[in-house]
Amino acid sequence: MLPQKPPEAAAAPSRFAPGFAAKLNLLVDVVLVLVALLVSTTMMGHDLHLERTDVWVLMGVGVVAWLFVGTALCLYDARFADRERLDDLALISIQVMVVTVVLFLTRLVMGTESWIVALSMFPPLLWPSVALLRFFLFRQLSGQEQPLDEVLILGVGAMGRVTGEDLNTKHRRKVIGYLSLSGETTPAAPPAPVLGTAKDLEHILCTVPVDEVYIAGNMLKHSAEMQAAVKLCENFGIPFALPAYHFRFDRARPIDDHAVSDGYLHFLTHAFQPHQMAIKRLFDICSSAAALAVLSPLLVGVALGVKFTSRGPIFFKQKRVGVHGKPFNMLKFRSMVVNAEELKAKLEALNEQTGPVFKMKNDPRITSIGRFIRKYSIDELPQLINVLRGEMSVVGPRPPIPSEVEKYAAWQRRRLSVRPGLTCIWQVSGRNQISFEEWMYLDMQYIDHWSLKNDINLILKTVPVVLTGSGAS
C-alpha cells in the first residue's frame, strides 16, 4: 500500500481569467514596438516628424507585422509559460529579426528617407525589453490565472491520484472528477470527486463539459476498458491522453521530453495545427472588430427598427453549446415575438426540418422586421461580439441549443470538438433545403479537412448566399 501524502495547503484563489497574461503581454509588446521605433529614431540624432504620413504607415506596418509573426509563432498562446525559457528566447529573437527586416523592406519600397524612422537601434532596444518583461513579469502572472482546461480522469488507482495532484498543482488544469476502473478501490480522500465507473463515461461526456480525458489505467489489467474509452472519445471528438510508459526504465528516456512532460501521450481526433489555428484566431479578432466598426450605422438602424416595431428587448440571448459542450449566450437581433420559446412547443408538429432541429418556413412567431433581417442574416450580426470574445469563430459549425444536443447520436457530438462559427459548409449548401443528417456530415467534413484555405473559400462563398438570402427562412 502506498504511503499517504500529507494534505497540501489550499492554493490561493486565481485572480485572472485564462489567457489574461498572454493578452496583456501582447498589448504591452505592441506598445514597446512603437516606443522602440520612436526612441531609436531620436537616439540616432533625428527629429520625430509625426505629422508625416509615412511615419504612421511604418509604425502601422511594425504593429501588424508584430501581431502576425507573434501569432504565427504562437508566442502569445495561453500556455506560453509552459515553454522552456530558451525556447521563448529563440522565438522572441526570431520575431524581432523578422519585424526589423519587414520594416526595412517597407521603408525601401516606400522610398522614404532612412532618417524618418531609424532602425539601427530598434533591435537592441526592443529585444531585451520584450524578453525581460516576458521572463520576470508575464510568466509569473500566468501562474496566477484560473485553470485553462477541465479534465476527467479515468482511474482512481495510484496513477490516477498522482495524475490528479500533478495536474491541479503544476499544469493549470482543473480535475472535475474521476471514474473508477474495474477492481479499483476508491481512495478515502481523492483530489476530486468520484463521479462513477468507466461504464458511466458516455453519460458524463453527454452531461458535463470536458476538455480532455486522462485514461490512467493499467494496460495489463484494464486494456478492454481503456480501449472502449478511447473509442468513445474518438466518437465524441474529445481529446484524450494515454500513459506514456508501460514499462520501468533505468537509463532509457524519450527523445522528445516535451511530448510526455506530464507522463502522458496526448491525442486529438483532428489534425494538430497550432500555428494555423493561432492565425485563425487573429483573423477572428481583427475581422470581427473591423466589421463591428464598419457596420455600426447598420447595427444602430436595425436596433432602432427592432425596438420600435415590436415589444421586447433589442437583442435575443439564447443559450448555445460551444466547444466541448461549454455553454454560452449567443447574441442575435430579436426577430421573433417575446414569448417565441413558449409558442415553439405548440408548433413542433409543423417542423419542416428532420432531426432534433426546429425549422419552419412561415413561422408565425417572426415579426415584420424579423423576416427581412433573417432572410439576409442581418439578425446574426451581433454574433460578431461572440467572435470577438472567443466564444465563436467566423467559420465553424453553427452552435446548437442544449435541447438539440441532448438528442444527438454519439458521432454527431463530434461537431462540438471545434469552436462554433458564423458560417460553415451548411450555410453555402442550401441551408434549410438539406436534411439534418446531411448537415451533420457536412460539419464532419469541415472538421476532418480543416485548413485556413478552406475557411477563406467558405467566407467567399457565404457572401453571395447572404446577399441573395438563398435558402434562408
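Turning our attention to the overall build of the chain. Assigned secondary structure in the chain consists of 15 helices and 10 strands. When each of the 473 residues of the chain is scored for burial, the buried share is 44%. Across the chain, contacts joining residues at least 24 apart in sequence account for 73% of those joining residues at least 6 apart. Carbon and sulfur atoms make up 63% of the accessible area of the chain, which amounts to about 24,800 Å² in all. The averaged location of the 43 negative side-chain charges in the chain is 5 Å from the averaged location of its 49 positive side-chain charges.

Let us look at the packing of aromatic side chains. Enumeration over the complete set of coordinates arrives at 9 aromatic pairs. Pairing Tyr214 with Tyr264 gives two aromatic rings, centres 4.9 Å apart and planes at 80°, and the pair type is edge-to-face. Highlighted residues: Tyr214 in strand S4 (residues 212-215) and Tyr264 in strand S6 (residues 264-267), separated in sequence by 50 residues. The same class applies to Tyr214 as to Tyr264, namely buried. Between Phe372 and Tyr376 the ring centres are 5.3 Å apart and the planes differ by 55°, which places this aromatic pair in the tilted class.

For the rest of this paragraph, the subject is the nonpolar core. Ranked by size, the top nonpolar core spans 26 residues in total, and within it Leu37, Trp66, Val117, Phe122 and Leu126 carry the most contacts. Mapped by element, the contributors of at least two residues to this core are helix H1 (20-43), helix H2 (53-72), helix H3 (85-110) and helix H4 (122-142). Per element, the largest residue contribution to this core is 6 residues, and it comes from H2. Leu37 has contacts with Leu58, Met59, Leu103, Val117, Ala118, Leu119 and Phe122, leaving out every residue within four places of it along the chain. Membership of the second largest hydrophobic core comes to 23 residues, among which are Cys424, Phe436, Tyr446 and Leu458.

This part covers the pairing of strand S2 (residues 173-180). In terms of burial, S2 is a largely internal element, 7 of the 8 residues being buried. The sheet contact formed by strand S1 (residues 149-154) and S2 spans 6 bridges and is parallel. Paired with Ile153 across the strands is Tyr178, a residue of S2. With 3 bridges connecting them, S2 and strand S3 (residues 194-197) associate as parallel partners. Of the residues in S3, the one forming a bridge with Leu179 is Gly196.

Remark on secondary structure: sheet strands pair via backbone hydrogen bonds, oriented parallel or antiparallel. Read from one edge of the open sheet, 6 strands run S3-S2-S1-S4-S5-S6, paired in mixed fashion. At either end of the open sheet lies a strand with only one pairing partner, and these are S3 and S6. Shown here is a sheet whose adjacent strand axes are inclined to one another by a mean of 25°, direction ignored. Helix H5 (residues 158-170) contacts S1, S2, S4, strand S5 (240-243) and S6 of the sheet and is inclined by roughly 165° relative to S2. Across the face of the sheet, helix H7 (residues 219-236) comes into contact with S1, S4 and S5 while running at roughly 155° to S5.

Reading guide: rules and limits
- Residues numbered from 1 in each chain as written.
- Predicted model: local features only at pLDDT ≥ 70, side-chain atom pairs only at ≥ 80, totals over all residues.
- Heavy atoms only, no water.
- Helix = DSSP H or I, 4+ residues; strand = E, 2+ residues; numbered from the N terminus.
- Buried < 20%, exposed > 50% of the residue type's maximum accessible area, 1.4 Å probe, protein only.
- Contact = heavy atoms within 4.5 Å.
- Areas by Shrake-Rupley, 256 points an atom, 1.4 Å probe, with all protein chains shown as cover.
- Lys, Arg positive; Asp, Glu negative; His and termini not counted.
- Charge placed at Lys NZ, Arg CZ, Asp CG, Glu CD.
- Phe/Tyr/Trp six-rings, centres within 6.5 Å; stacked < 30°, edge-to-face > 60°.
- Core = buried A, V, L, I, M, F, W, Y, C linked by side-chain atoms within 4.5 Å.
- Pairing = 2+ DSSP bridges.
- Axes fitted to C-alpha atoms, helices over the stretch in contact; angles between N-to-C directions.

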